[in-house]
Protein chains: 6
Amino acid sequence: MNQVVTFGEAMLRLTPPNYQRLEQTVSLDVTVGGSELNSAIAISRLGMKSAWVSKLTSNPLGRIIANKAREQGVDTSHIVWTKEHRIGLYFLEQGATPRSSRVIYDRKNSAISAIQPNEVNWAEVFKGAKLFHTSGITPALSKSATETTKAAVKAAKAAGLLVSFDMNYRATLWSTDEARQCFTEILPDVDILLTTDEDTNRVFGYEGSYEEIAHKLKDTFGFKIVAITLRQVISVLRGGWSSLALADKLYKSKKRYEMEIIDRVGAGDSFTAGFLFGYLTEGIEKGIAYGDAMSAFKHSMPGDVLWMTEDEVKAQISGEDAKIKR
Amino acid sequence: MNQVVTFGEAMLRLTPPNYQRLEQTVSLDVTVGGSELNSAIAISRLGMKSAWVSKLTSNPLGRIIANKAREQGVDTSHIVWTKEHRIGLYFLEQGATPRSSRVIYDRKNSAISAIQPNEVNWAEVFKGAKLFHTSGITPALSKSATETTKAAVKAAKAAGLLVSFDMNYRATLWSTDEARQCFTEILPDVDILLTTDEDTNRVFGYEGSYEEIAHKLKDTFGFKIVAITLRQVISVLRGGWSSLALADKLYKSKKRYEMEIIDRVGAGDSFTAGFLFGYLTEGIEKGIAYGDAMSAFKHSMPGDVLWMTEDEVKAQISGEDAKIKR
Amino acid sequence: MNQVVTFGEAMLRLTPPNYQRLEQTVSLDVTVGGSELNSAIAISRLGMKSAWVSKLTSNPLGRIIANKAREQGVDTSHIVWTKEHRIGLYFLEQGATPRSSRVIYDRKNSAISAIQPNEVNWAEVFKGAKLFHTSGITPALSKSATETTKAAVKAAKAAGLLVSFDMNYRATLWSTDEARQCFTEILPDVDILLTTDEDTNRVFGYEGSYEEIAHKLKDTFGFKIVAITLRQVISVLRGGWSSLALADKLYKSKKRYEMEIIDRVGAGDSFTAGFLFGYLTEGIEKGIAYGDAMSAFKHSMPGDVLWMTEDEVKAQISGEDAKIKR
Amino acid sequence: MNQVVTFGEAMLRLTPPNYQRLEQTVSLDVTVGGSELNSAIAISRLGMKSAWVSKLTSNPLGRIIANKAREQGVDTSHIVWTKEHRIGLYFLEQGATPRSSRVIYDRKNSAISAIQPNEVNWAEVFKGAKLFHTSGITPALSKSATETTKAAVKAAKAAGLLVSFDMNYRATLWSTDEARQCFTEILPDVDILLTTDEDTNRVFGYEGSYEEIAHKLKDTFGFKIVAITLRQVISVLRGGWSSLALADKLYKSKKRYEMEIIDRVGAGDSFTAGFLFGYLTEGIEKGIAYGDAMSAFKHSMPGDVLWMTEDEVKAQISGEDAKIKR
Amino acid sequence: MNQVVTFGEAMLRLTPPNYQRLEQTVSLDVTVGGSELNSAIAISRLGMKSAWVSKLTSNPLGRIIANKAREQGVDTSHIVWTKEHRIGLYFLEQGATPRSSRVIYDRKNSAISAIQPNEVNWAEVFKGAKLFHTSGITPALSKSATETTKAAVKAAKAAGLLVSFDMNYRATLWSTDEARQCFTEILPDVDILLTTDEDTNRVFGYEGSYEEIAHKLKDTFGFKIVAITLRQVISVLRGGWSSLALADKLYKSKKRYEMEIIDRVGAGDSFTAGFLFGYLTEGIEKGIAYGDAMSAFKHSMPGDVLWMTEDEVKAQISGEDAKIKR
Amino acid sequence: MNQVVTFGEAMLRLTPPNYQRLEQTVSLDVTVGGSELNSAIAISRLGMKSAWVSKLTSNPLGRIIANKAREQGVDTSHIVWTKEHRIGLYFLEQGATPRSSRVIYDRKNSAISAIQPNEVNWAEVFKGAKLFHTSGITPALSKSATETTKAAVKAAKAAGLLVSFDMNYRATLWSTDEARQCFTEILPDVDILLTTDEDTNRVFGYEGSYEEIAHKLKDTFGFKIVAITLRQVISVLRGGWSSLALADKLYKSKKRYEMEIIDRVGAGDSFTAGFLFGYLTEGIEKGIAYGDAMSAFKHSMPGDVLWMTEDEVKAQISGEDAKIKR
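Residues numbered from 1 in each chain as written. Chains lettered and ligands numbered in written order. Predicted model: local features only at pLDDT ≥ 70, side-chain atom pairs only at ≥ 80, totals over all residues. Heavy atoms only, no water.

Engineer: Explain the relation of the copies chain B and chain F residue by residue, including any values.
Structural biologist: Superposing chain B onto chain F takes a rotation of 120° combined with a translation of 0.0 Å along the rotation axis, leaving an RMSD of 0.0 Å. The two molecules are tied by a three-fold rotation axis, judged by turn and shift. Relative to the rotation axis, the closest C-alpha in chain B is found at B:Asn18, a distance of 4.9 Å. A different interface surface on each copy is seen, since only 4% of the contact residues of chain B are contact residues in chain F too. (Least-squares fit on C-alpha atoms with pLDDT ≥ 70 in both. Contact = heavy atoms within 4.5 Å.)

Here's what the structure looks like:
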């Protein structure tokens, strides 16, 4: 029985090695990434059963993605397979100050963009589960993806699951108007909202302090919990991380992490995983502690996947120093 | 002034290293390939000016392709640039007996598939040129690509150029019926047809000896020259190569090449380049000699591009042995 | 429910790239291999559920192995995890004539060598399964591994499973006397024996034609099926493959495969997988056809794992040629 | 018609990967670099036509260099090709504090060191051009290179071009006395001098503030513009960048860039390119803005070449932040 | 004649490239490392003859280690070779804040752990030597290694050598109680103790300022010299280094080094080498200067080995700046 | 005491990976090679002490070469070090039929080309040695190298050593006339000549069967032994090897080796090493057996160096098969 179910797209990620620009490279590192898969993996690695629902083309590229999910213990039995369409790709250029990192998406007409609401038997998928998670990327992929996302959220509510949603606004997929309109329909069914002040500002025009934004969101949509991640961008290769959550009261990170950034992609999804895991097993305080530790740790390794064990999460929380461990 | 103009698509080619299967790789070698670009490059390297006409998305991936053409001295000033669409990709798996090599195309909705007949000023492009070359892949890309190919051929004839055409049937792009119908419209304007017995058989159902097929093609469409390449597939990693051409009389290879195959992609395009170069500078006999030498040599190096000098072509023709050269 | 259960050791395989000798390399390719895991993976990839039972140290190296099994869909829930001992390693040097390939094992004191008969609940493992497979390597690992292997075979018989056994004699693990003594105890419970004439000769001193050996084995131990693989070693980089099986009658390969060898490790295990899958789904003839195709195909890719789909198995059997496939 | 013509040596650059010392490496990354080629490339990438004049040995190494220039759109038709001599090499060790980066040159007897004044038809080369650029490295290569440089400068003046000169003193090529004597002959014909306080101090013994040095240079040699780049060396992997220029008045950078340094080689040449491009298209203010942005950006990628588009230059100038761009 | 003799284990070090976690890597960089070998190498590179005594398995892995020692000029003629046992391995994960670097040792049952006191003819080994060095790792490997270490120290004293000892406590090899008991027997024969406050605290429970610890150690065991290295851990990728030594008086570093850390392993051993070399050739002040410079420099390159020349040591001491050197 | 002394140049060898052409590569594999060093290494690896005499520039590139010799146990104490000149390089392109492998030398003005007869104290070098070996490459490097070679040969004779000489004609270094004139002076002092019929034909115009050539050489110059290697070039990637020697009688290979060629460079030098080792330890028959086995084995691994043990030589001679060894 899976406790957490996530739904979204995962792509092959193609990265030029050694801080090369995409235009200059002659080889690409191949990994797998996608917001909701990243979270499902990080949750699974902590020992909580998770499933990832998506639609994939049944060719070697599609199998690479499913293999990666399966490798990490994520249930892939609900993936919809098709011989049509294609696997989404994204190219990631790693930068260094003053050159920021860049993503070029090549995900149009991917299999999941053609997903239809009736292709997934959500009732079956949600059997025994506690929480359903998706993000603002999934409905942005296509009209039928929007419909399928809405259907999934409704089905989750119907099945008594908590619904978690990461706003994740992607400007290359749709306009802020389109996003706002869609989110406005989905958010009333959402229990846990995870977001950043930047996304909230772009989509809803909210301004103010983090607390104010959290309150405004909670008040507007009636969330059970609003979690806001606070990424400090010191430079392209250095950063800081903390978060806060508003529920019955305001919760804040007890420590702030400093990061030497090897690869920041997937860090938000790692926070989501840690927050949900912590919340489901104990409560919001643990959610923040796990989410922060996991997000900060993610920055230290290449790829979207958080290769971390729960022992390592605990060590981070209890303040592991920077000395070599033998 | 370019002497040869070619028209078609080039893609990023992504190849798993070391005979890995695509599904198992964690990195991909990035090169550039496309039938008509490959030929333009091989011609340019022999010192004959060539241009390649195509349509590319103006992002780093599109620039990689144009850079490669330019690097090899090919005139890229007639490429149509767009901010829309995408760059075509193809994944190549190198095999070893009993596993044949495989290509997975991901070229749908590429920039050139959206090309429109009026986007290229063919009269301008053909100024001073002697020969226009394209292949059966270009019209197969989309309806507007079919129209543009036809327009290009007509314009070439109008400008007094020789028209060369490689039949290159691609089953993943269209049916044999579609191909036959299209080719039947184009071929009457073609002077030089390059093909294989396999493609002729699939598209036109021709059977018989190579000579018979050549005669049938020449009689049906009124070609000036029909060149047929004879690839002997000994195993995945070993092959033989020769060719014949029918014009005023039948010309045959004076030697047959044996190949230890490192990468066979682009070999046919190298034959085309050598044949056209030889024919334009001297005649059919030289065309066959250059075409064979260049095609055989192509098998010995990775990538679609034939990295060869004319001195090396001559050395092959005069029978260079297999000893190390210091 | 798993249909096939295998039991044995898997190791990290460390291979110098590009035909380097181990002594000269500065990097090692990391893959995972082990006879019974290799077979479980190849079976799982064909869509038949399989489980692999083993004992692993719970550190990153142990997780690499379990991840690989899981990635390929193999059930890893019966693995025994420990904080003690170590993960076995093997170093593989790829040769070229006249230098044969070499393996250096570094597997002493690995976790599975410390396995105890009572650490696996075989009754639970075998629920719903049809066949149990192990090889002569597993009991050779240690005394307690011998005991556990015997217990597993007994439990499999008790649960009504077919028992399959690959003789796989490893001279670095024990003497032929030790092997013979152990096998003599185990083989009476075995239904399907897979072996080579070389192993049979070394362990039991059998000589004669393949058929004679098969008959002698069948008569002595009362096997339901004896399958003998016939590997022709043409050179280090070229080989041939066929097989035969003796059951109610003698079955022989309908075709012989020629191979250009990229990596021959795991080919025998791929035969085993194909043979068992074919036999379980249809019968011995299909077993031989699948076993041969899968073993031959394995030679064409690096690593122990057979990255193959059932469509590809069928294409091999129906005689796919060596031409590139687009 | 080329607007800018540069003249100088380019070499193969051989770099040990991953901060290895040269003595410990077993592979070398191959790129192309040379001060005047670097500038010609960066100018060409902004859409301004440029040519690079040099002398190369016609072997694969020489072709690598010409290919790279051509790939970037630089006119290579004025390169002098020879079968004699060799291609210059330089080995670059990337350091990390407290180990500074090191260059070992192996450029003696390179083709360009044998260049003769009459080998280039400068009148032809300069047709339609606006500016000629070279650096203090070119005359330092040999006596005949000194003569050819002087001839080029004279021809440029005669043809009505602006002459730009980067002092670039190289202690491994000649003494400060030799350099001063040579520069003293060349500089009176120079319109735009680009330099650093360090080089000015070593060659001319000038001391004082940057402004004082600029004034002294301008007064002594009658330059139209003196541009001085101000590199702040924070550590081996961190730096800051700004510049100033003295012409009709003193111009200063409006912002200072901070850099996380991936590879600092070619940054000065990128400044030159940006400064000249900005100056030629608008004026000194734009020259400084472009030069600074391009130099700072260069630090963020491996190799001598600045892989940058004009859109990216503009984004830097308008203050792009360090966040990932999707 | 060797001036310095060291004794200990060296292992193959297997490192995932590019900050990957061990669990995610598919290749491992192979280098050689071991505290006493590292020091012997760094001493040899300065021109002082050194020998390294150890026990190795005579297979390719063992030869890799001996080759590396020999490559660096270290006398390997006293190594004890065996066909038994195995070569120790260690896996190193390079971290980035907040993930510290990690070592997984796989060194149990290595050849040297089976060394016997009578396998080395210490009298022969020490002929003409001035100093014997080992560390707290060697006796920790096994009981017979403890005995052999003690025998070596006794033999060194008997032969009139100085004895140098780096405390190097390794918690994965033995408990602090075991270490303390063993060290208490060995230290009275030691002339030069090299340690950190962390190790002293863990083994002997000493607390206080560095000077107090140095005094306590000197007073308790009667050392001639106590050298304490002061590593400042700013972050995983940044650090500071200085040291002090107590002998007739207290000596302190004249400068503190800042490091951008590429690889910190072997830095302590480099200090040891520099300190001993400086002390033996001139005195403690030079020892500190060389030790600090060498340790700081070590951080800037991958691998355990310090690839440095004496000219470079001197340049560091005299304050080489961070600018590129051409 | 070294038993064998060799004298000649070693270079850095720079090889594009994966059968790439030099012009297309972006990285080069770095190894070390040089005929006489290759032989000294192969002899040392068999346990016979050898020294290599040369002249090297004292920079990281020179140290790479000396490190490699030292790594393999070769005595490097007689190398002449200089701060002048440069390290010779050679670029090796690995071919595949019909493209032969190619070498581009960049060795002009290397340190050894400036060697002077009085820079080596040959009397000291030859103390206790049995045999001196050099090749026709060494005198070809420069006039002073010719003089030094002659002086070395005279000194060897004077010291009572056997003199061995590999004719090794290099057309890029000198004309056949120059070579013949030089060899005619040197050969009368040579005891053991190693050569091929091709070199003999090019330099001396000898024709006829191998036996006839051997007799003609022996009669003309009075050699004690003439050894001729017979390399069969089947294709670029396949070959055969045997040899013969004429002394008191004619000796021929007892077996002929077939090779799958990974890298054929250094194979002749490996024959030399095996022949000299066999001859010095037992006689000509063993010389041929060792020489053939070692040369054939060399083809199976990358680089000039023969990574082989004497056990492996013996296994080859006794007919090791092509099966994997575990």
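Engineer: So what's going on with empty space enclosed by the protein? Residues and values would help.
Structural biologist: This model, assessed by the stated rule, comprises 15 cavities of 30 Å³ or more. Empty space within the largest cavity amounts to approximately 190 Å³. Along the walls of the largest cavity sit 23 residues, with B:Ser101, B:Val236, B:Ile261, B:Arg264 and C:Ala322 positioned nearest its centre. With five residues, the top contributor of residues to the lining of the largest cavity is strand β12 (residues 225–235) of chain B. (1 Å grid on protein atoms, 1.4 Å probe; cavity = no way out; pocket = protein on both sides within 12 Å on 5 of 7 lines; lining within 4 Å. Points joined across faces, edges and corners; volume = space filled by probe spheres on them. Helix = DSSP H or I, 4+ residues; strand = E, 2+ residues; numbered from the N terminus.)

Engineer: Tell me about the interface of chain D and chain A, and name the residues and values.
Structural biologist: Contacts between chain D and chain A engage 23 residues on the former and 26 residues on the latter. Both sides together, the interface formed by chain D and chain A hides about 2300 Å², and carbon and sulfur atoms give 53% of it. Between the two partners, chain D and chain A, sit five salt bridges. One salt bridge in this structure joins A:Arg21 and D:Glu312, with 2.7 Å as the shortest N-O distance. Taken together, the links from chain D to chain A amount to 15 residue pairs in polar contact (both at pLDDT 80 or more). Taken together, the elements giving at least two residues each to the side of chain D that touches chain A come down to β15 (257–260), α10 (284–298) and α11 (310–317) of chain D. Top element by residues in the side of chain D that touches chain A is β15(D). It accounts for four residues. The residue inventory of the side of chain D that touches chain A, partitioned by class, reads 11 nonpolar, three polar and nine charged. (Buried area = accessible area lost by both parts, 1.4 Å probe. Salt bridge = Lys/Arg side-chain N within 4 Å of Asp/Glu carboxyl O. Polar contact = N/O pair within 3.5 Å; in protein donor to acceptor, adjacent residues only side chain to side chain. Nonpolar A, V, L, I, M, F, W, Y, C, P; charged D, E, K, R; others polar.)

Engineer: So what's going on with the pattern of salt bridges? Residues and values would help.
Structural biologist: Tallied over the full model, the rule gives 163 salt bridges over all chains. Here A:Arg13 and A:Asp304 are joined by a salt bridge, their closest N and O atoms 2.8 Å apart. Of this pair, A:Arg13 sits in strand β2 (residues 11–15) while A:Asp304 sits in the loop between α10 (284–298) and α11 (310–317); the two residues are 291 residues apart in sequence, bridging distant segments of the chain. Residue classification places A:Arg13 among the buried residues on the basis of a relative accessible area of 3%. Across the pair F:Arg202 and F:Asp199 runs a salt bridge whose closest N-O atoms are separated by 3.0 Å. You can see F:Arg202 and its partner F:Asp199 sitting in helix α7 (residues 197–204), three residues apart, about one turn around the helix. Relative accessible area serves as the criterion here: at 35%, F:Arg202 is assigned to the partly exposed category. One salt-bridge network, held together by shared partners, links A:Arg21, A:Glu93, A:Arg99, A:Arg102, D:Glu312 and D:Glu320. (Buried < 20%, exposed > 50% of the residue type's maximum accessible area, 1.4 Å probe, protein only.)

Engineer: Could you give an account of the side chain of C:Thr146, naming the residues involved and the relevant values?
Structural biologist: Mapping C:Thr146 onto the fold places it in helix α5 (residues 143–158). The contact partners of C:Thr146, leaving out residues within four places of it in the chain, are C:Pro139 and C:Cys182.

Engineer: Kindly report on unusual backbone geometry, identifying the contributing residues and their values.
Structural biologist: All names here are of chain A. With an omega of 10°, the peptide bond running from Thr97 to Pro98 counts as cis. Mapped onto the secondary structure, Pro98 falls in the loop between β7 (89–93) and β8 (102–106). Located in the positive-phi region is Tyr19, a residue other than glycine, with phi close to 60°. Of note, Tyr19 is situated in the loop between β2 and β3 (27–33). Here Tyr19 falls in the partly exposed class, since its relative accessible area comes to 25%. The phi dihedral of Asn109 falls on the positive side, at around 60°, and the residue is not glycine. With respect to the secondary-structure elements, Asn109 resides in the loop between β8 and α3 (122–125). Judged by relative accessible area, which is 40%, Asn109 ranks as partly exposed.

Treat this as a map of the structure, not an account of what it does.
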